[in-house]
2 protein chains.
Amino acid sequence: MRKLYEYPKSRAAFERACKVIPSGIYGHQGPVEGCYVPIEAFPLYSSKAQGTYLWDLDGNKFIDYMCAYGPNILGYNDPDVDEAAARQRAISDCTTLPNPVMIDFADLLVDTVASADWAFFAKNGNDVTTGAIMTARAYTHRKKIVFFKGYYHGVSPWTQKVDYPGVIEEDVCNNIYVEWNNFEELSRVFEENRDQIAAIIAQPYMHGNFMDNQMPAEGFWQKVRKLCDDTGTVLIIDDVRAGFRMDLAGSDHYFGFKADLICFCKALANGYNVSALCGRDFLKNTVSSLSYTGSYWMSAVPFAAGIACIEKMKKIDCPRILNEKGQKLKDGLIAAAAKYGYTLNVTGMPSLFYLRLADDPTFMLHQEWIAQCVQRGVFFTGHHNHFINAALSDDDIRETVEIADEAFSVVRDRHDK
Amino acid sequence: MRKLYEYPKSRAAFERACKVIPSGIYGHQGPVEGCYVPIEAFPLYSSKAQGTYLWDLDGNKFIDYMCAYGPNILGYNDPDVDEAAARQRAISDCTTLPNPVMIDFADLLVDTVASADWAFFAKNGNDVTTGAIMTARAYTHRKKIVFFKGYYHGVSPWTQKVDYPGVIEEDVCNNIYVEWNNFEELSRVFEENRDQIAAIIAQPYMHGNFMDNQMPAEGFWQKVRKLCDDTGTVLIIDDVRAGFRMDLAGSDHYFGFKADLICFCKALANGYNVSALCGRDFLKNTVSSLSYTGSYWMSAVPFAAGIACIEKMKKIDCPRILNEKGQKLKDGLIAAAAKYGYTLNVTGMPSLFYLRLADDPTFMLHQEWIAQCVQRGVFFTGHHNHFINAALSDDDIRETVEIADEAFSVVRDRHDK
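First, a word on scope: everything that follows refers to the structure included in this document.

Reading the values: the criteria
- Residues numbered from 1 in each chain as written.
- Chains lettered and ligands numbered in written order.
- Predicted model: local features only at pLDDT ≥ 70, side-chain atom pairs only at ≥ 80, totals over all residues.
- Heavy atoms only, no water.
- Pairing = 2+ DSSP bridges.
- Helix = DSSP H or I, 4+ residues; strand = E, 2+ residues; numbered from the N terminus.
- Axes fitted to C-alpha atoms, helices over the stretch in contact; angles between N-to-C directions.
- Contact = heavy atoms within 4.5 Å.
- Buried < 20%, exposed > 50% of the residue type's maximum accessible area, 1.4 Å probe, protein only.
- Polar contact = N/O pair within 3.5 Å; in protein donor to acceptor, adjacent residues only side chain to side chain.
- Least-squares fit on C-alpha atoms with pLDDT ≥ 70 in both.
- Buried area = accessible area lost by both parts, 1.4 Å probe.
- Salt bridge = Lys/Arg side-chain N within 4 Å of Asp/Glu carboxyl O.
- Nonpolar A, V, L, I, M, F, W, Y, C, P; charged D, E, K, R; others polar.
- Parallel < 35°, antiparallel > 145°, perpendicular 65-115°, else oblique.
- Left-handed = near helix turned anticlockwise from the far one by under 90°.
- Disulfide = S-S within 2.5 Å.
- Phe/Tyr/Trp six-rings, centres within 6.5 Å; stacked < 30°, edge-to-face > 60°.
- Lys NZ or Arg CZ within 6 Å of the ring centre and 35° of its normal.
- Core = buried A, V, L, I, M, F, W, Y, C linked by side-chain atoms within 4.5 Å.

Here's the deal with the sheet that holds strand E9 (residues 261-264) of chain A
Residues and elements named next belong to chain A.
Right, on to step 1. Taking strand neighbours across the sheet as the criterion, the seven strands line up as E4-E10-E9-E8-E7-E5-E6 in an open arrangement whose pairing is mixed. Since the sheet does not close on itself, it has two edges, and those belong to strand E4 (118-122) and strand E6 (175-178), each with one partner. Mean inter-strand twist for the sheet, computed between neighbouring axes without regard to direction, equals 20 degrees.
Right, on to step 2. Pairing geometry for E4 and strand E10 (residues 275-279), over five bridges, is antiparallel. Of the residues in E10, the one forming a bridge with Ala122 is Ser275.
Right, on to step 3. Strands E4 and E10 of the sheet are contacted by helix H3 (residues 101-112), whose axis makes an angle of about 125 degrees with E4.
Right, on to step 4. This element, helix H4 (residues 125-140), spans E4, strand E5 (144-148), strand E7 (197-202), strand E8 (234-238), E9 and E10 of the sheet and lies at about 30 degrees to E10.

A short note on the side chain of B:Thr95
Right, on to step 1. Mapped onto the fold, B:Thr95 is located in the loop between helix H2 (79-91) and helix H3 (101-112).
Right, on to step 2. Judged by its relative accessible area of 6%, B:Thr95 falls in the buried class.
Right, on to step 3. A polar contact of 3.4 Å, which involves the side chain of B:Thr95, links it to the side chain of A:Ser46.
Right, on to step 4. Discounting chain neighbours no more than four positions away, the residues touching B:Thr95 are A:Gln29, A:Ser46, A:Ala49, A:Leu54, A:Ala68 and A:Tyr76.

Quick look at the relation of the copies chain B and chain A
Right, on to step 1. Note on the copies: chain B fits chain A at an RMSD of 0.0 Å, the axial shift is 0.0 Å, and the rotation between them is 180 degrees. The superposition of one copy onto the other is thereby described by a two-fold rotation axis. Taking C-alpha positions as the reference, the residue of chain B nearest the rotation axis is B:Glu170, at 2.7 Å.
Right, on to step 2. When the interface residues of chain B are mapped onto chain A, 99% of them are again interface residues, pointing to one common binding face.

Topic: the interface of chain B and chain A
Right, on to step 1. Each partner contributes to the interface: chain B provides 99 residues, whereas chain A provides 98 residues.
Right, on to step 2. Looking at the side of chain B facing chain A, the largest losses of area belong to B:Tyr26, B:Thr96 and B:Tyr296, adding up to 10% of the total buried there.
Right, on to step 3. At the surface where chain B touches chain A, the tally comes to six salt bridges.
Right, on to step 4. When the shortest N-O distance is used, the salt bridge between B:Glu170 and A:Lys143 registers 3.0 Å.
Right, on to step 5. In this structure, the connection of chain B to chain A is made through 56 residue pairs in polar contact (both at pLDDT 80 or more).
Right, on to step 6. Among the residues making up the side of chain B that touches chain A, the classes are represented as 55 nonpolar, 25 polar and 19 charged.

Remarks on the packing of H2(B) against helix H10 (residues 300-316) of chain B
Residues and elements named next belong to chain B.
Right, on to step 1. Packing of H2 against H10 brings their axes to within 8 Å, and their N-to-C directions diverge by 150 degrees. By the angle between their axes, H2 is roughly antiparallel relative to H10. Remark: the crossing between H2 and H10 carries right-handed chirality. Across the interface between the two elements, Asp80, Val81, Ala84, Ala85, Gln88 and Arg89 from H2 touch Ala300, Val301, Ala304, Ala305, Ala308, Cys309 and Lys312 from H10.
Right, on to step 2. Looking at side-chain class alone, the contact of H2 with H10 contains nine nonpolar, one polar and three charged residues.

Notes on the pairing of strand E3 (residues 61-64) of chain B
Residues and elements named next belong to chain B.
Right, on to step 1. Across three bridges, the pairing between strand E2 (residues 53-56) and E3 is antiparallel. Considered in E3, the bridge of Tyr53 is made with Ile63.
Right, on to step 2. Hairpin geometry of E2 and E3 is characterised by an intervening segment of four residues between the two adjacent antiparallel strands and by a positive phi of about 85 degrees at Gly59.
Right, on to step 3. In terms of strand pairing, E3 meets strand E13 (residues 378-379) through two bridges, oriented parallel. Note that in E13 the partner of Asp64 across the bridge is Phe379.

Concerning the pattern of salt bridges
Residue and element names in this part refer to chain A.
Right, on to step 1. Enumeration according to the criterion identifies 48 salt bridges over all chains in this entry.
Right, on to step 2. A salt bridge links Lys149 to Glu179; the nearest nitrogen and oxygen atoms lie 3.4 Å apart. Separated by 30 residues along the polypeptide, Lys149 in the loop between E5 and helix H5 (169-172) and Glu179 in the loop between E6 and helix H6 (183-192) bring together distant segments of the chain.
Right, on to step 3. Note that Asp260 and Arg280 form a salt bridge whose closest N and O atoms lie 3.5 Å from each other. With a gap of 20 residues between them, Asp260 in the loop between helix H8 (251-254) and E9 and Arg280 in the loop between E10 and helix H9 (284-289) connect regions that are remote in the sequence.

Focus on the state of the cysteines
Right, on to step 1. In the structure shown here, the tally under the stated rule is zero disulfides over all chains.
Right, on to step 2. Free of any disulfide, A:Cys265 has its nearest neighbouring cysteine sulfur in B:Cys94, separated by 8.7 Å.
Right, on to step 3. B:Cys318 provides the cysteine sulfur closest to B:Cys67, a residue in no disulfide bond, and the two sulfurs are 10 Å apart.
Right, on to step 4. Classification of B:Cys67 as buried rests on a relative accessible area of 0%.

Focus: the sheet that holds strand E3 (residues 61-64) of chain A
Residues and elements named next belong to chain A.
Right, on to step 1. Spatially, E1-E2-E3-E13 is the arrangement adopted by the four strands of the open sheet, whose pairing is mixed. Of all strands in the sheet, those with a lone pairing partner are strand E1 (46-50) and strand E13 (378-379), marking the two edges.
Right, on to step 2. Relative to strand E2 (residues 53-56), E1 runs antiparallel, the two being bridged by four bridges. What sits directly across from Lys48, in E2, is Trp55.
Right, on to step 3. Here helix H13 (residues 394-416) sits on the sheet in contact with E2, E3 and E13, set at roughly 105 degrees to E3.

Quick notes on H6(A)
Residues and elements named next belong to chain A.
Right, on to step 1. Turning to H6, its buried residues number three or more, namely Phe183, Glu185, Leu186, Ser187, Val189 and Phe190.
Right, on to step 2. Close packing links the buried residues of H6 with E5, E6, E7 and helix H7 (220-231).
Right, on to step 3. Put simply, Asn182 is the residue that caps the front of H6, since its side-chain oxygen is 3.3 Å from the backbone nitrogen of Glu184.

Some points on the packing of aromatic side chains
Right, on to step 1. Going through the model one piece at a time under the given rule, you end up with 60 aromatic pairs over all chains.
Right, on to step 2. When the ring of B:Phe121 is compared with that of B:Phe303, the centres are 4.9 Å apart and the planes differ by 50 degrees; the resulting orientation is tilted. On the criterion of sequence distance, the pair formed by B:Phe121 in strand E4 (residues 118-122) and B:Phe303 in helix H10 is long-range, its members being 182 residues apart.
Right, on to step 3. Here B:Phe121 falls in the buried class, since its relative accessible area comes to 0%.
Right, on to step 4. B:Phe303 gets classed as buried once you look at its relative accessible area, which sits at 1%.
Right, on to step 5. Chaining the aromatic ring pairs together yields one cluster made of A:Tyr65, A:Tyr342, A:Phe353, A:Trp369, A:Phe380 and A:Phe408.
Right, on to step 6. Residue placement shows A:Lys61 over the ring face of A:Tyr53; its charged tip is 4.0 Å from the ring centre.
Right, on to step 7. When the ring centre of B:Trp55 is taken as origin, the NZ or CZ atom of B:Lys48, which lies over that ring, is 4.4 Å away.

Notes on unusual backbone geometry
Residues and elements named next belong to chain A.
Right, on to step 1. At Cys67, a position not held by glycine, the phi torsion is positive, near 50 degrees.
Right, on to step 2. Relative to the elements of secondary structure, Cys67 occurs in the loop between E3 and helix H2 (79-91).
Right, on to step 3. At Asp317, a position not held by glycine, the phi torsion is positive, near 55 degrees.
Right, on to step 4. In this structure, Asp317 sits in the loop between helix H10 (300-316) and helix H11 (318-339).

Here's the deal with the environment of A:Ser187
Right, on to step 1. Mapped onto the secondary structure, A:Ser187 falls in helix H6.
Right, on to step 2. In this structure the C-alpha to C-alpha distance between A:Ser187 and A:Glu399, which are 212 residues apart in sequence, comes to 48 Å.

A closer look at the nonpolar core
Right, on to step 1. A:Trp369 and B:Trp369 are the most contacted members of the largest nonpolar core, which totals 316 residues.
Right, on to step 2. With residues up to four places along the chain from it excluded, the contact list for A:Trp369 reads A:Leu344, A:Leu355, A:Leu357, A:Phe380, A:Ala404, A:Ala407, A:Phe408 and A:Val411.

Next up, the structure:
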């Protein structure tokens, strides 16, 4: 049996943080957000990262299946990406005029992403989902936006719920929420809101939190695409989370349709700070008409990093290897669960796998198991999809399954008593 | 007479960009935005930057008074900031857990900024102005926001105008616009909207575009502060542009009052990508309650850069030296204008000077003069405030005044004919 990790330095740092940072660590990385449950099993601060590994402040080493919640796709500190970034940094980064590396990056995205006739760069995923909504409204002169329940499209008030702090009715009063994969409901909503719907915004499949992830039903996207075409509605794919882990040509391409607008961020530059809104020609002039920019949106270093990242992803056929690694891990985890009489649901793409121990509707058993994994060096999270990166080795997968096995045995033992 | 710069490579790059990027270059850096008029006198892409200088794609060298529109405060590629950033980059940047350098940066801001009891980090200035609005609404349970005409608080729909593409009535229907420095109008607005105003959001002085910049009237901020206190309204200072160029303790401190929330971005880390919302204790729990985060918001490298930047700014007393340099330049430019019978209005803080040739209400003369300066190697902009950085030398100022003088003489000659 492995010795369980302890986190005294993480806890001390968190206490220090709480004095000067609201909630100490906010958002998806914070212990209050919900994905970290059970909180006490998790470290809170990192001291270093390399490849697929993360070390916490107490020196504990983890095989990190969160990958910075997506950005780490090639492995932390990838030498090729870092070298390209350092080369650009020595020349310039954030200056009064953009460096033409911005054009090179746009060219590469247009060459790579099937639905990209152009690229517009920003910083956050939220910047580009918001830009997409503004583009759709400006183009259609309509206001309403259709979302699929379980969505996450960023943090702007328009993406939140009216009962969330700081959000007002006006922020969300044009939002319509439809069940994922329910084309009849979607059609009805379109009939009830004729000529009023500017856009559908959706992830390529339902990879929401606190739920088994769901692939699109057979033909779903083709029907949605046709509905948008028939009604002059802009189809926005939010590929911030899944982008480049499913298909380098875009997750819409993976499912055999073309988005009108597609949003990228996380995996775009292996952790360098950039996001991109890409789209079809007919929307280009509308995007040009927006008042939309930011202080660092044309910084050169992330563009250089993005070029190196995409070129390397192409070279190694990244989605294929991530899904192969993910599949191997998935098979191993399911088998380990079965050994102890458990059913582990592993849903979503293998490169973005979501875990749920099916034998307990309260999630408590699942959380116990996650806690046992984390405290042995496998950084899983409670109720969020995971991410595979290219630096994950077969040995890492073997060790992960070993630890998962040990964690299952502990949970089984406890509950057999 | 100096030979005028030409920009064939910038123009060719722009043509290439227009094929794959909406409008080629968007926002404040783009030639369509309005500040670049006359466009043909300006380069469009940079090849490198160092200290106070920028080189365009055609190899022309400029003394750059735009400083990346603010981020360049210590000089491009400042060795101390870059070294701190590189040291952190070798360890980690964007990872699953934050590095405690985030806490160190928050500690430093709390020590430095008078109205900061805490700090919350994001990426864009717009992220933190939006976070401030959400905080004010969540805290007060009110909806309305008061703006001063001529404001710029970012690019989210709530900060824009209803007739801007992509903006809908609901985005801005709770905005109230008041004349800068008009306390009577402000008081009347508060009476008419009793218990409905969540916040006033304002720059520390009116540094809008296409207008002479205006300092607050004597006692204006003290009256506004009292009005906010009396009515339970949150006072938000948007220090994104002026922050650290007026006063390291915050531009509210410069004017002798305390903001409830203060927004920083540009000069915070000498071009590394970070923004910060700081504020008073009574709002800390409200900020904690927001659903507000982003993929790169806890990346470690910009925090390390920010620490090095602020420490260096303290060491060299940055606002003082920037304002001295700015004053010297201002005096030189005004004298050069006078030599040719022109009146040059130089408004705002010297470290953020705004230029307007007063002798022509059409702005055409002003634009002609700006064009002559730019084509001789002084990067001024038509109708936006400028920025001083610490690497600007007395020789640079002398050369700038010499070029400005030559530019005035050309304009004078033309109009005397």
